[in-house]
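Report on the structure
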Amino acid sequence: MKTRYSYFCPCPRGLETALAEELNEIADLTSPKTIHVHTQVPGGVHFSGEITDAYRVNLHSRIASRVLLRMAHGGYSNENDIYDMTLEQPWEDWFGYHHTIRVDVTAVKSPLKSLEFTTLKIKDAICDRFRDQFTQRPSVDTKQPDMRIVGFLDAHNFTVYLDTSGEALFKRGWRLETGDAPLRENLAAGLLRTSGWKPGVPLFDPMCGSGTILIEAAQMVAGIPPGMRREFAFEKFGSFVEEEWQDIKNSIRANPLPTEPTIFGSDISGDMVIMTRNNLNKAGIKFEVPLKQIEAQEIKAPTETPGILLTNPPYGERIGVRGDQSFEPDDLAREFFAAFSSTLKQRFSGWSVFLFTADLGLPKLLRLKESRKTPFFNGALECRLFRFDMVAGFNRREAAKPKDAE
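Everything numeric in this text was worked out from a predicted model, so none of it was measured.

1. Observations regarding the overall build of the chain
- Along its length, the chain carries 11 helices and 15 strands.
- Projected onto the principal axes, the alpha-carbon positions of the chain cover approximately 85 × 50 × 45 Å.
- Here the analysis covers contacts within the chain between residues at least 6 apart in sequence; of these, 78% occur between residues at least 24 apart.
- Summing over all exposed atoms, the chain offers an accessible surface of approximately 19500 Å²; the carbon and sulfur share of this is 49%.
- Averaging the positions of the 50 positive and the 54 negative side-chain charges in the chain gives two centres separated by 3 Å.

Following this line, the structure appears as structure tokens:
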């Protein structure tokens, strides 16, 4: 019987439910099912499974930031307890003294005074264990380590994890270049899921920047897993079996390519349109994703069938690139969003519009009432995904008529 492990997948705050749904979908890829999804906590989801399940989640999860394998969990009262617990773990079963390591610690309500000192104690324990057994120890590399060790402290308990991912999972391996403040890929994937978009439904991003939302959607249409074009830390584990990993990758079945475009993008910047096209190519997209250079105020619905408009509009000073620099940013924002709102009302009847922004006053600028708002965090920045349902103007006028006027 294969060994089962406990895992934790951190994710952007606000996407815990979406990640749990996705993990259950990944669990359905195997028969018998070996992944079991457990509790959601702020900032992530716990699951359990075999070591090959960590391979699967790294390959397929669009929303997780990492896949962390739990090495130990227990109570503590001081740094020496943390050192002792870390020292007891069989690190040598997973990697060797020739590998480089990095240790990171996060804490919520921990009574310990210095996280830096705690980080040092974890690193010392791992190095001491190797030195005791092999007279040699791993080196520290904070930039590009082979192995990342993650400690988590709450008020009473300490958990230490070995990171199976390496680079954060939002780094898909396709991004050639980025625009100003690009949206992280796993957040874009979470926004797509939260919007209810599914392959086949028309999708339009009229302020696409470097194309993150479009590329996540296009890879879903094509059936390309997000981890297909990158490497992972687990490939350096002592227990890693190349054949098992190849079997998992070989089981992927690409989807038939669409014959008619359903994903569309535009941006005011020609450079951004070129960047998006280059990124689409690097991400392995072999079907047409029409892109236009056009101001967001001038757009038209790209399909007769209503769909989903999802975008991360620029806010504050970033709107300054969109028009007359003589305007103060606030005036510019008001003008821009008033014009954009008119476009949405006049040309996007029947569409569901989702705007992801840190500007919590956006509905007021648009003079629209949101039908839903979902809180998210983009890093430490509190954001909202606002939904606006574009009712046809004619229908709205008809609904407002008194009954006896019909």
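2. Brief notes about the nonpolar core
- Counting residues in hydrophobic clusters, the biggest one holds 85 residues, and the most contacted among them are Trp-91, Phe-95, Ile-149, Leu-162, Leu-203, Ile-263 and Leu-310.
- Filtering out sequence-adjacent residues up to four positions away, Leu-203 remains in contact with Leu-192, Trp-197, Ile-213, Ala-217, Thr-262, Ile-263, Phe-264, Ile-308 and Leu-310.
- Core analysis: the next-biggest nonpolar cluster, separate from the first, contains 22 residues, Ala-333, Phe-337, Leu-344 and Phe-388 among them.

3. Some details on helix H6 (residues 212–222)
- With respect to burial, H6 is a largely interior element, 10 of its 11 residues being buried.
- All buried positions along H6 are accounted for by Thr-212, Ile-213, Leu-214, Ile-215, Glu-216, Ala-217, Ala-218, Gln-219, Val-221 and Ala-222.
- Contacts made by the buried residues of H6 are with helix H5 (185–195), strand E9 (203–205), strand E10 (263–267), helix H8 (270–282), strand E11 (291–293) and strand E12 (308–311).
- Residue Gly-223 follows H6 closely and has a positive phi angle near 80 degrees.

4. Considering H5
- The element H5 is extensively covered by neighbouring structure, given that nine of its 11 residues are classed as buried.
- Within H5, the full set of buried residues consists of Glu-185, Asn-186, Leu-187, Ala-188, Ala-189, Gly-190, Leu-191, Leu-192 and Ser-195.
- Tucked inside the fold, the buried residues of H5 contact E9, H6, E12, strand E13 (352–357), strand E14 (372–378) and strand E15 (381–389).

5. Focus on the packing of helix H2 (residues 51–60) against helix H7 (residues 242–250)
- As a packed pair, H2 and H7 sit with axes 10 Å apart at the nearest point and diverge in direction by 40 degrees. As far as their axial angle goes, H7 and H2 are oblique. Between H2 and H7 the crossing geometry is right-handed. Mapping the contact onto sequence places Thr-52, Tyr-55, Arg-56 and Leu-59 in H2 and Glu-244, Trp-245, Ile-248 and Lys-249 in H7.
- Looking at the contact of H2 with H7, its residues break down into four nonpolar, one polar and three charged.

6. A short note on the pairing of E14
- The sheet contact formed by E14 and E15 spans seven bridges and is antiparallel. In the strand pairing of E15, Arg-372 is matched with Arg-387.
- Counted between consecutive antiparallel strands, the loop separating E14 from E15 contains two residues, among which Gly-379 sits at a positive phi close to 65 degrees.

7. Focus on the sheet that holds strand E7 (residues 147–153)
- The eight strands lie next to each other as E2-E3-E1-E4-E8-E7-E5-E6, forming an open sheet whose pairing is mixed. Looking at the sheet topology across the chains shown, the edges are occupied by strand E2 (36–41) and strand E6 (139–140).
- Pairing of E2 with strand E3 (residues 44–49), which is carried by four bridges, proceeds in the antiparallel orientation. Counterpart to Val-37 in the pairing with E3 is Phe-47.

8. Digging into the sheet that holds E12
- What the seven strands build is an open sheet, ordered E11-E10-E9-E12-E13-E15-E14; its pairing is mixed. The sheet is open, and its two edges are formed by E11 and E14, each paired on a single side. Adjacent strand axes in the sheet meet at a mean angle of 20 degrees when their direction is disregarded.
- Bridge analysis of E10 against E11 gives three bridges, and the strand direction is parallel.

9. Thoughts on the packing of aromatic side chains
- On inspection of all chains with the given rule, the structure shows 22 aromatic pairs.
- By way of ring pairs, the aromatic residues Tyr-5, Tyr-7, Phe-47, Trp-94 and Phe-237 are connected into one cluster.
- Taking the ring centre of Phe-377 as reference, the NZ or CZ of Arg-13 above it sits at 3.8 Å.
- Positioned above the aromatic ring of Tyr-83, the side-chain terminus of Lys-121 is 5.2 Å from the ring centre.

10. Points about the packing of H6 against H8
- Where H6 contacts H8, the two axes come as close as 10 Å, and the packing angle between them is 30 degrees. The angle between H6 and H8 places the two elements in the roughly parallel class. H8 is crossed by H6, and the crossing has right-handed handedness. Seen from H6, the contacting residues are Leu-214, Ile-215 and Ala-218; seen from H8, they are Thr-276, Asn-279 and Leu-280.
- Looking at side-chain class alone, the contact of H6 with H8 contains four nonpolar, two polar and no charged residues.

11. Section: the pattern of salt bridges
- What the rule picks out here adds up to 20 salt bridges.
- When the shortest N-O distance is used, the salt bridge between Arg-384 and Glu-382 registers 3.0 Å.
- Where salt bridges share partners, they join Glu-21, Glu-25 and Arg-193 into one cluster.

Calculation criteria
- Residues numbered from 1 in each chain as written.
- Predicted model: local features only at pLDDT ≥ 70, side-chain atom pairs only at ≥ 80, totals over all residues.
- Heavy atoms only, no water.
- Helix = DSSP H or I, 4+ residues; strand = E, 2+ residues; numbered from the N terminus.
- Contact = heavy atoms within 4.5 Å.
- Areas by Shrake-Rupley, 256 points an atom, 1.4 Å probe, with all protein chains shown as cover.
- Lys, Arg positive; Asp, Glu negative; His and termini not counted.
- Charge placed at Lys NZ, Arg CZ, Asp CG, Glu CD.
- Core = buried A, V, L, I, M, F, W, Y, C linked by side-chain atoms within 4.5 Å.
- Buried < 20%, exposed > 50% of the residue type's maximum accessible area, 1.4 Å probe, protein only.
- Axes fitted to C-alpha atoms, helices over the stretch in contact; angles between N-to-C directions.
- Parallel < 35°, antiparallel > 145°, perpendicular 65-115°, else oblique.
- Left-handed = near helix turned anticlockwise from the far one by under 90°.
- Nonpolar A, V, L, I, M, F, W, Y, C, P; charged D, E, K, R; others polar.
- Pairing = 2+ DSSP bridges.
- Phe/Tyr/Trp six-rings, centres within 6.5 Å; stacked < 30°, edge-to-face > 60°.
- Lys NZ or Arg CZ within 6 Å of the ring centre and 35° of its normal.
- Salt bridge = Lys/Arg side-chain N within 4 Å of Asp/Glu carboxyl O.

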